[in-house]
Amino acid sequence: MQNKNLLVVGGSSEIGTAIVRQAENNNYQVISTKRSADASGLFMDVTSDESVRTAVQQVTADFGTIDAVIYAPALSNDGLIHTLDEDAWRTAFDVNMFGAARVARHLLPHFIKARKGIFQFISSTAAVRGATGAAPYSCSKAALNALALNIAHDYGRFNIRAYTVMPGYVDGGMLAHLPKEKKTLLARESSLKRLATPADIAHFCIATLDSPYLTGTALTLDGGLAS
Ligand SMILES: NC(=O)c1ccc[n+]([C@@H]2O[C@H](COP(=O)([O-])OP(=O)(O)OC[C@H]3O[C@@H](n4cnc5c(N)ncnc54)[C@H](OP(=O)(O)O)[C@@H]3O)[C@@H](O)[C@H]2O)c1
């Protein structure tokens, strides 16, 4: 897909930034959203339906057709389940899953009108492997996979596709804070014996946009994690 309009929600995340760079290198016109209200990029707080609606309205007014959206925002509220209150679950689902549903809700009418469109949600292998001490994150990513599947089923007849990409362990972003020794242990779990770089993930995210029969699935990109 070249010279097409790509909306990257959460383009300020570390993986999102790599996705924006990879997309621009592949001749996409990229519109990137972020939560911080500075001069660059477009403001979008995915926990606010009004914010999502306004941003989508602005993007479609400025760029006409949006060909694809990549959804990257996420947060993890860590702790064992018996220590987590309801708010820990709500806030994780609000960003990781409901935010994606809000973006879908406001973009779908445009995609239906255009008779095309791609939703790519960044999920995680935590959705299918679990994640120690991160149940709200893991469960919300599993729900995100189901959201993609349902969009694919309901809107495939309009040539709208939806799928998730599930990275394993990435050196950066949400795992940037981990000590070196922990990263070394995680790297050993993969066949390639290294963590992914944000650029590894971005390469895959942009490459898969070009696959016309790809929909309703969750794609693992984990360097061969041992099960
Ligand atoms: N790093 C990994 O090992 C790894 C592994 C598997 C999957 N992933 C997935 O990859 C994606 C990107 O993660 P990353 O590692 O690059 O994380 P990151 O750099 O920590 O970025 C997380 C992003 O989420 C955004 N966000 C949080 N709440 C938001 C809200 N209410 N509205 C809009 N944006 C909000 C943050 O925006 P602010 O900057 O404004 O706070 C930030 O840009 C996530 O979906 C994550 O689950 C990461």
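Refer to the structure presented above.
Since the structure is predicted, the reported quantities are computational estimates derived from the model, not experimental observations.

**Student:** Describe the layout of surface pockets, listing the residues and the values that go with them.
**Tutor:** What the largest pocket holds in volume is close to 1200 Å³. Residue lining of the largest pocket: 46 residues in total, with Ala-74, Ser-76, Tyr-137, Met-174 and Leu-175 positioned closest to the centre. Elements with a minimum of two residues in the lining of the largest pocket: helix H1 (14-25), strand S2 (29-34), helix H4 (126-129), helix H5 (135-155) and helix H6 (180-188). When grouped by side-chain class, the residues that make up the lining of the largest pocket number 22 nonpolar, 16 polar and 8 charged.

**Student:** Could you give an account of the site of the ligand, naming the residues involved and the relevant values?
**Tutor:** Near the ligand lie 25 residues; those nearest to it are Ile-15, Arg-35, Asp-45, Ala-72 and Tyr-137. Between Asp-45 and the ligand, the recorded distance is 2.8 Å, taken from a side-chain N or O atom to a nitrogen atom. Between Val-46 and the ligand, the recorded distance is 3.0 Å, taken from a backbone N or O atom to a nitrogen atom. Relative to its unbound accessible area of 910 Å², the ligand is 86% covered by the protein chains. More than half of the atoms belonging to the ligand lie within 2 Å of the grid points that define the largest pocket. Of all the secondary structure elements, the ones that give two or more residues to the shell around the ligand are H1 and H5. For the shell around the ligand, a count of residues per class yields 13 nonpolar, 8 polar and 4 charged.

**Student:** Give a detailed account of the packing of helix H2 (residues 49-63) against helix H3 (residues 86-114), specifying residues and quantitative values.
**Tutor:** Across the interface, H2 lies against H3 with an axial gap of 9 Å and an inter-helix angle of 30 degrees. Taken together, the axis directions place H2 and H3 in an arrangement best described as roughly parallel. Where H2 crosses over H3, the two elements pack in a sense that is right-handed. Where H2 approaches H3, its residues Asp-49, Val-52, Arg-53, Val-56 and Thr-60 are matched on the opposing element by Arg-102, Val-103, Arg-105, His-106, Leu-107 and His-110. Per-class residue counts for the contact of H2 with H3 are 4 nonpolar, 3 polar and 4 charged.

**Student:** Report on the packing of aromatic side chains, specifying residues and quantitative values.
**Tutor:** Summed over all chains, the structure comprises 5 aromatic pairs. Here the aromatic rings of Phe-93 and Phe-98 are separated by 6.3 Å at their centres, their planes lie at 50 degrees, and the arrangement is tilted. Note on Phe-93: relative accessible area 18%, which makes it buried. Among the residues examined, Phe-98 registers a relative accessible area of 38% and is labelled partly exposed.

Quick notes on the rules
- Residues numbered from 1 in each chain as written.
- Predicted model: local features only at pLDDT ≥ 70, side-chain atom pairs only at ≥ 80, totals over all residues.
- Heavy atoms only, no water.
- 1 Å grid on protein atoms, 1.4 Å probe; cavity = no way out; pocket = protein on both sides within 12 Å on 5 of 7 lines; lining within 4 Å.
- Points joined across faces, edges and corners; volume = space filled by probe spheres on them.
- Helix = DSSP H or I, 4+ residues; strand = E, 2+ residues; numbered from the N terminus.
- Nonpolar A, V, L, I, M, F, W, Y, C, P; charged D, E, K, R; others polar.
- Near = heavy atom within 4 Å.
- Polar contact = N/O pair within 3.5 Å; in protein donor to acceptor, adjacent residues only side chain to side chain.
- Areas by Shrake-Rupley, 256 points an atom, 1.4 Å probe, with all protein chains shown as cover.
- Sits in = over half its atoms within 2 Å of the grid points.
- Axes fitted to C-alpha atoms, helices over the stretch in contact; angles between N-to-C directions.
- Parallel < 35°, antiparallel > 145°, perpendicular 65-115°, else oblique.
- Left-handed = near helix turned anticlockwise from the far one by under 90°.
- Contact = heavy atoms within 4.5 Å.
- Phe/Tyr/Trp six-rings, centres within 6.5 Å; stacked < 30°, edge-to-face > 60°.
- Buried < 20%, exposed > 50% of the residue type's maximum accessible area, 1.4 Å probe, protein only.

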